[in-house]
Amino acid sequence: MRFSVILRTAARLLVPLILLFSIFLLLRGHNETGGGFIGGLVAGISFSLYAIAYGTAASRESLRATPLRLMAVGLGIAVLSGVLPLFMGGALLEGLWVKWPLKVGTPVLFDVGVYLLVIGLTLMIVYELEEHNPGLFPQSAASE
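Remember, it's a predicted structure, so these values are computed and weren't measured experimentally. (Residues numbered from 1 in each chain as written. Predicted model: local features only at pLDDT ≥ 70, side-chain atom pairs only at ≥ 80, totals over all residues. Heavy atoms only, no water.)

1. Some points on the overall build of the protein chain
Along the backbone of the protein chain there are five helices and two strands. When the helices and strands of the protein chain are read in sequence order from the N terminus, they spell out α-α-α-α-β-β-α. Projecting the C-alpha coordinates of the protein chain onto the three principal axes gives extents of approximately 60 × 30 × 20 Å. Here the protein chain holds 144 residues, and the buried ones make up 35% of them. Considering only intrachain contacts with a sequence separation of at least 6, the fraction spanning at least 24 residues in the protein chain is 70%. Summed over its atoms, the accessible surface of the protein chain is roughly 8,800 Å², and 71% of this surface lies on carbon and sulfur atoms. Averaged over its 9 positive side-chain charges, the protein chain has a centre that lies 8 Å from the centre of its 8 negative ones. (Helix = DSSP H or I, 4+ residues; strand = E, 2+ residues; numbered from the N terminus. Buried < 20%, exposed > 50% of the residue type's maximum accessible area, 1.4 Å probe, protein only. Contact = heavy atoms within 4.5 Å. Areas by Shrake-Rupley, 256 points an atom, 1.4 Å probe, with all protein chains shown as cover. Lys, Arg positive; Asp, Glu negative; His and termini not counted. Charge placed at Lys NZ, Arg CZ, Asp CG, Glu CD.)

Written out as structure tokens, the structure reads:
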């Protein structure tokens, strides 16, 4: 399968911008529309675009972690943020806040966990679809 030069150039420019936008959605999510779920979906879309443009092998390399590991770390962070107030004498999923240069709390930690979980799940689905349907995405840039 031939790679599209236009798609590869567009992906090279768009993927960092899409990832930056996903982080924006993540950070604004606990106050306004957005959050870990939609931010994770947007980040997963950026890696999917990279997989379409450069192949799944290149996308897996650029991720630097397996989707399953991302899901496990994200779930662990989300559960930790929910259980942490229990150890401080509060209720499950109660918000704990720390005065740092910015006001940071467990809801942000929960959103980060959901963000990583959704990225991992999205990419696991995309990679499995390609694995069971070879030729869906290009396999390597060396095949040009």
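More follows now that the structure is in view.
2. A closer look at the confidence of the model for the protein chain
Detailed reading of the predicted coordinates is not advisable wherever pLDDT falls low. When pLDDT is averaged along the protein chain, the result is 89, and 94% of the positions lie at 70 or above. For the stretch residues 140-144, pLDDT sits under 50, and the model shows nine contacts to residues farther than four places along the chain or on other chains. (pLDDT = per-residue confidence, 0-100.)

3. Some points on the nonpolar core
Counting 13 residues, the largest nonpolar core has Leu 63, Leu 70, Tyr 115, Ile 119, Leu 123 and Tyr 127 as the members making the most contacts within it. Among the elements of the structure, α2 (36-54) and α5 (106-132) are those that each provide at least two residues to this core. Once you skip the residues sitting within four places of it in the chain, Tyr 115 turns out to touch Ser 22, Ile 23, Leu 26, Gly 36, Gly 39, Gly 40 and Ala 43. Of all hydrophobic cores here, the second largest spans five residues; its members include Ala 11, Val 15, Leu 49 and Tyr 54. (Core = buried A, V, L, I, M, F, W, Y, C linked by side-chain atoms within 4.5 Å.)

4. Brief notes about the packing of helix α1 (residues 5-28) against α5
Interaxial distance between α1 and α5 falls to 9 Å at its minimum, and their mutual angle equals 145 degrees. Like other packed secondary-structure pairs, α1 and α5 cross with a definite hand, here right-handed. Where α1 approaches α5, its residues Ser 22, Ile 23 and Leu 26 are matched on the opposing element by Asp 111, Val 112 and Tyr 115. Per-class residue counts for the contact of α1 with α5 are four nonpolar, one polar and one charged. (Axes fitted to C-alpha atoms, helices over the stretch in contact; angles between N-to-C directions. Left-handed = near helix turned anticlockwise from the far one by under 90°. Nonpolar A, V, L, I, M, F, W, Y, C, P; charged D, E, K, R; others polar.)

5. Description of the UniProt feature "transmembrane region" (unreviewed entry) in the protein chain
Under the local residue numbering, the UniProt record ascribes the feature "transmembrane region" (unreviewed entry) to residues 12-30, 36-56, 68-88 and 108-127. Overall, residues 36-56 shows 95% helix and 0% strand. The separation of its end C-alpha atoms is 24 Å. Helix makes up 100% of residues 108-127 and strand 0%, and the two end C-alpha atoms of the span are 28 Å apart. (UniProt positions renumbered as here; feature names shortened; annotations may be inferred.)

6. Thoughts on the UniProt feature "domain: Na+/H+ antiporter MnhB subunit-related protein" (unreviewed entry) in the protein chain
UniProt tags residues 6-123 as "domain: Na+/H+ antiporter MnhB subunit-related protein" (unreviewed entry). Between the first and last C-alpha atoms of residues 6-123 the distance is 23 Å; the span itself is 75% helix and 5% strand.

7. Here's the deal with helix α3 (residues 56-63)
Listing the buried residues of α3 in full gives Thr 56, Ser 59 and Leu 63. Summarising the axial view, the buried residues of α3 lie within an arc of 60 degrees, below the 170-degree limit, and thus occupy one face. Buried residues along α3 sit against α2, α4 (67-87) and α5. Following α3 by one or two positions, Arg 64 has its phi on the positive side, about 65 degrees. (Arc of directions from axis to C-beta.)

8. Focus: unusual backbone geometry
The backbone of Arg 64 sits at a positive phi, close to 65 degrees, despite the residue not being glycine. The exposure class of Arg 64 is exposed, given its relative accessible area of 77%. The residue Leu 93 is not glycine, and still its phi comes out positive at about 65 degrees. With respect to the helices and strands, the residue Leu 93 is situated in the loop between α4 and β1 (97-99).

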